Amino acid sequence: PLLLQDKVAIVTGGAGRNGLGYASARMLAAHGARVAILDLEQADPAAAAAELGPQHIGLVADVTDKASCVAAAGEVLKRLGRIDVLLNNAGITQPIKTLDITGANYDAVLDVNLRGTLYMSQAAIPSMREQKSGAIVCISSVSAQRGGGILGGPHYSAAKAGVLGLAKAMAREFGGDNIRVNCITPGLIATDINKGKIPEDKRAAILDSIPLGCIGEPNDVAGCVVFLASDLSKYCTGITVDVNGGMLIH
Ligand code: NAD
């Protein structure tokens, strides 16, 4: 049997074809899961899901809005019957320095990355609890661990560090319900979030600092998502998996 046969997976921020979410949705589907892609209206999640195949669905959902998360989870339960996997992937970043961060900047970045992870988890956990199984995977960032990645500002580092703490606390709280919660901390992965934003003069120095000598691809993260979503990792909870080419060995 396939690793995720009969499983239903939600992927937030999963509609961008070049993103980590869509690559993960595609790999979850390849391993047998039916996938619900959630994303903002302008990202057209229904079209993204249709590309994966007719058994998958796309739903417009804004993770910063609790009612939107609850409605989406309800729709997934109605149409796909259960929720086994939640990938909290939706995220935004801003390349701003500490003294320039406005309240609006802070709210925007914290709301999508951290509040969104909380709200979507709150929406998915009740049905996982009822079925006594679930796997939640949260996308943090190397930026949380080293205090700044390459592009994100301090508020992004803070939001992604918040995701690590939230995920570990949820892992502790829901272990007894057989719900596992784990994080992935990607390094530099080529997606739309950083496309064209890495200055050419910095590129060589960045590559020099990565032992594996290259920038990552979305599928490098997707592979870890499948591992953490499936029973391959059934004794792992509260862990953080670095997918960074060795950029941060600690
Ligand atoms: P991306 O911009 O392609 O994907 C982000 C997705 O989130 C988009 O589809 C966007 O529409 C969606 N989104 C934004 N706001 C939303 C909201 N309020 N509700 C629902 N969806 C929303 O970028 P990506 O690189 O694929 O990023 C995916 C995740 O990986 C993010 O959390 C990002 O912070 C994280 N990350 C990326 C890298 C990298 O190098 N690419 C490194 C570390 C962490």
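Everything that follows concerns the structure shown earlier in this document.
Quick caveat, the model's predicted, so the values are computed rather than measured.

1. So, the site of the ligand
Looking at the ligand, there are 28 residues lining it, with L20, D39, N89, Y156 and T191 nearest. Take N89: an N or O atom from its main chain is 2.8 Å from an oxygen atom of the ligand. Between an oxygen atom of the ligand and a side-chain N or O atom of Y156, the distance comes to 2.6 Å. In isolation the ligand has 830 Å² of accessible area, and contact with the protein removes 90% of it. Elements with a minimum of two residues in the shell around the ligand: α4 (103-131) and α6 (154-174). Within the shell around the ligand, the residues separate by chemical class into 13 nonpolar, twelve polar and three charged.

2. Here we look at the pairing of strand β4 (residues 85-88)
On β4, burial covers both faces: V85 and L87 on one face and L86 and N88 on the other are all buried. Summarising the sheet, strand β1 (residues 8-12) and β4 pair through three bridges and their orientation is parallel. Paired with V11 across the two strands is L87, which belongs to β4. Sheet topology places β4 next to strand β5 (residues 134-139); four bridges connect them, and they run parallel.

Thresholds applied
- Residues numbered from 1 in each chain as written.
- Predicted model: local features only at pLDDT ≥ 70, side-chain atom pairs only at ≥ 80, totals over all residues.
- Heavy atoms only, no water.
- Near = heavy atom within 4 Å.
- Polar contact = N/O pair within 3.5 Å; in protein donor to acceptor, adjacent residues only side chain to side chain.
- Areas by Shrake-Rupley, 256 points an atom, 1.4 Å probe, with all protein chains shown as cover.
- Helix = DSSP H or I, 4+ residues; strand = E, 2+ residues; numbered from the N terminus.
- Nonpolar A, V, L, I, M, F, W, Y, C, P; charged D, E, K, R; others polar.
- Buried < 20%, exposed > 50% of the residue type's maximum accessible area, 1.4 Å probe, protein only.
- Pairing = 2+ DSSP bridges.

Everything listed here is a matter of coordinates, which is why it stays silent on function.
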